[in-house]
Amino acid sequence: MRILIIGSGGREHALAWKLGQSREKPDILVAPGNGGTALEARNADLPSGGVDRLMEFIREHKVDFVIPGTELPLVNGIADACARAGVLCFGPAAYAARLEGSKSFAKEVMREAGVPTADFAVFNDYAAAEKYARGRKRPLAVKADGLAAGKGVVMAAGAEDAVAALRGMMLEKRFGPAGETVVIEDALTGEEVSLLAVCREEALVLLPAARDHKRALDGDNGPNTGGMGAYSPAPVLPESRMEEIADLVLRPVLKTMKKRGVPYSGVLYAGLMLTADGPRALEFNVRFGDPECQALLMRFKGDLLELLIDCASGRLNDARGTAGKAHPPQAAGCGSGRPGNTLPRTGSTRPSALALNGLQACAGPADSGVCSPLWTDETALCVVMAAEGYPGEYRKGMTIGGIDEAEAGVPGKIKIFHAGTVAEQGRIRASGGRVLGVTALGADLREAQERAYAAVAGIRLERAFFRRDIGDGGLRAFK
Ligand code: AMP
Ligand code: GLY
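Residues numbered from 1 in each chain as written. Chains lettered and ligands numbered in written order. Predicted model: local features only at pLDDT ≥ 70, side-chain atom pairs only at ≥ 80, totals over all residues. Heavy atoms only, no water.

*Asks:* Please explain the packing of helix H6 (residues 94-101) against helix H7 (residues 103-113) as it appears in this structure.
*Replies:* Each pair of packed helices can be described by the angle between their axes along with the distance between the axes. One can describe the packing of H6 onto H7 by two numbers: an axis separation of 6 Å at closest approach and a directional angle of 100°. With respect to H7, the axis of H6 lies roughly perpendicular. Residues Tyr-95, Arg-98, Leu-99 and Gly-101 of H6 lie in contact with H7, whose contacting residues are Lys-103, Phe-105, Ala-106 and Val-109. Split by residue class, the contact of H6 with H7 holds five nonpolar, one polar and two charged. (Axes fitted to C-alpha atoms, helices over the stretch in contact; angles between N-to-C directions. Helix = DSSP H or I, 4+ residues; strand = E, 2+ residues; numbered from the N terminus. Parallel < 35°, antiparallel > 145°, perpendicular 65-115°, else oblique. Contact = heavy atoms within 4.5 Å. Nonpolar A, V, L, I, M, F, W, Y, C, P; charged D, E, K, R; others polar.)

*Asks:* Where do I start with the site of ligand 2 in this structure?
*Replies:* Taken together, Asp-212, Lys-214, Gly-226, Tyr-269, Asn-285, Arg-287, Gly-289, Asp-290, Pro-291 and Glu-292 make up the full set of residues near ligand 2. For ligand 2, a nitrogen atom lies 2.7 Å from a polar atom in the side chain of Asp-212. The separation between a nitrogen atom of ligand 2 and a polar main-chain atom of Gly-226 is 3.2 Å. Notes on ligand 2: free accessible area 200 Å², of which the protein chains cover 91%. (Near = heavy atom within 4 Å. Polar contact = N/O pair within 3.5 Å; in protein donor to acceptor, adjacent residues only side chain to side chain. Areas by Shrake-Rupley, 256 points an atom, 1.4 Å probe, with all protein chains shown as cover.)

*Asks:* I tried to follow the pattern of salt bridges on my own but got confused; where do I start?
*Replies:* Pairing of side chains with opposite charge becomes possible as their charged atoms draw close. Evaluated as defined, the whole model comprises 35 salt bridges. Between Arg-2 and Asp-27 there is a salt bridge, with the nearest N and O atoms lying 2.7 Å from each other. Of this pair, Arg-2 sits in strand S1 (residues 2-7) while Asp-27 sits in strand S2 (residues 27-32), placing them 25 residues apart in sequence. Here Asp-212 and Lys-214 are joined by a salt bridge, their closest N and O atoms 3.9 Å apart. Several salt bridges share partner residues, and in doing so they unite Glu-108, Glu-112, Lys-259 and Arg-260 into one network. (Salt bridge = Lys/Arg side-chain N within 4 Å of Asp/Glu carboxyl O.)

*Asks:* Even after reading the chapter, I still don't get the environment of Arg-23, so can you show me in this structure?
*Replies:* Checked against the element boundaries, Arg-23 lands in the loop between helix H1 (10-19) and S2. The class for Arg-23 is partly exposed, based on a relative accessible area of 46%. Linking Arg-23 and Glu-306, residues 283 residues apart in sequence, is a C-alpha distance of 8.9 Å. Engagement of the side chain of Arg-23 in a polar contact is seen with the side chain of Glu-306, the distance being 2.9 Å. (Buried < 20%, exposed > 50% of the residue type's maximum accessible area, 1.4 Å probe, protein only.)

*Asks:* Explain unusual backbone geometry to me, please; I cannot follow it from the model alone.
*Replies:* Residues other than glycine predominantly adopt negative phi, and peptide bonds predominantly adopt the trans conformation. Pro-32 follows Ala-31 through a cis peptide bond whose omega is -5°. Looking at where Pro-32 falls in the secondary structure, it is placed in strand S2. The linkage connecting Ser-232 with the following residue, Pro-233, adopts the cis geometry, with an omega of 0°. Along the chain, Pro-233 falls in the loop between strand S15 (229-232) and helix H10 (242-259). For Lys-137, which is not glycine, the phi dihedral falls at a positive 50°. Topologically, Lys-137 is positioned in the loop between helix H8 (126-136) and strand S7 (140-144). Looking at Lys-137, the relative accessible area reads 72%, which means it is exposed. A positive phi angle is found at Asp-220, which is not glycine, with a value near 55°. Tracing the chain through its elements places Asp-220 in the loop between strand S13 (215-217) and strand S14 (221-224).

Structure below.
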C-alpha cells in the first residue's frame, strides 16, 4: 500500500515514523516532508496549484491512501476530491473542515450543538467590532476567523489591547483575508487541555488527553505559537472524566455534522479550557495537533495504519453497534468483559479499530486471543526547539548536530522528530521556525521531563530557543 502524508512538520514526521511500523509495511511518501521524513520515508515535492494538481500527483504516484497532516488541504477539499476519485483519504470533507477553517463557523456549530463555550460575537465591520470590544469591559480573545497557522488569536487584557488587535486584523490585514472577519470572545481562565478522537459519523475512538503549550515563553507568556511542547497523559483531565467531556463536546458536534448532511470523518480535536464553571470548548481542529501528535504517538502501541484505514473506510462506524460506546484510552485487562473488549465479527482477519478502541490491540490475528494494551502507561513529553525569533522572523540554515547521540541516550525512550529541517549532503539544517520536537518517554511525568531536557541539552542548534517549563504545570497538579 502506498501512503501519501501531506505536510512538513513534527507531526508529519511522527505519523511517518509510526505508520512505518505497521504490519502492512506501507510505502510512505511525504510531501513536502522534512529532513526527518527524508531519512525515514521518501519525500516528494508538494505540487502547488491546489487540489486538482494534488489529485494529478496522487494518480501519477498511484497513491492508495492520503493522510493530510495539516488542515489546509482538508479545508481546500482534498477529502471530497479523493472521494470522487475513489481514493481513500483520512480527514473530513471541506464543509466539516470549516470547524477549523472558520472560527465563526465553529462557534455557530457549537451554539447549535449546545457545546459549552465562551460568549462571543462575530464582526465583518471594524467600527462595530471596536464598539463591542470597548463595551465588553473584560479580558477578551480576539480571533481572526480564517486559518493563521495557530497565530491568529490575540489575548487582550483590556480594551486598548483588543482594539490594537482588531486594527491589525481588520484594517492592516495582518492575516490577509483570514482576518477580514473576527470573532471576539470572552477570555476564560482555567487549565487548558487537548482531547482528540478518531471519529467516523457518530463513532469515536478517544485518544489520551494531551497538554499543549501555545505561548512562546516560560510561564505562558509571549505570543501564541503553533505549540512549544506537549505531554500526555495530562493529569488535569483524568481518564475518569474523558467520557463526560466526549459527551459534552465531541458527540454533539458529530451529531450536528451528521444532521447537516456531512458526517464527520477523521480526527476531531477539541481545545478545552477547564474552568471553575466546567469545561468550555475553545476551538476545534480537524487533524492531529502538533506537537500533541508527537507525544501521543510515542505512547501508541497499536497499528496506526489500521486505525486510520478503519476510520477512512467507514469500518469504524460499521463496528459501532457491536462494540458499543467508546471507552477511555487506557488498557483494560484482556477479556475484562467490557463491551469494547469483544471483537466485532466483521468478516476480517483483524479486529476493527473500534474493538481496539484505545483499550487493547490484538498482537496477533484477531482470533488468536493475544492482546496487549494499545497505549503504554508511560508519560511522553515533547519539547519543541525553535529558531531564534519564532513565531516572528527567524533564522534559517544553521547546522544541527547531536541528534543520534541524544536518541541513543536512553535507547527506545527518546525520539527527535524533525519539523523545520532539511537534509542536505548528509547534514541536517534548520529551515523553519519550529525546528525539532525532542520527545521522551518516562515512567511518570517527571522522568519524561528529565529525559526530554537531557536530550535537548545534547542537541547542537545555534541560538535555539525552547521553553524550560514544559511539564511543570502537570507536576504542580500532582501536589
Ligand atoms: P484557538 O486557536 O481558538 O484555540 O486559540 C489559541 C489559544 O488561545 C488557545 O489555545 C488558548 O490558549 C487561547 N485562547 C483562545 N480562546 C481563548 C479564550 N476564550 N479564553 C482564554 N484563552 C483563549
Ligand atoms: N498544538 C496545537 C495545534 O496543533 O493546533
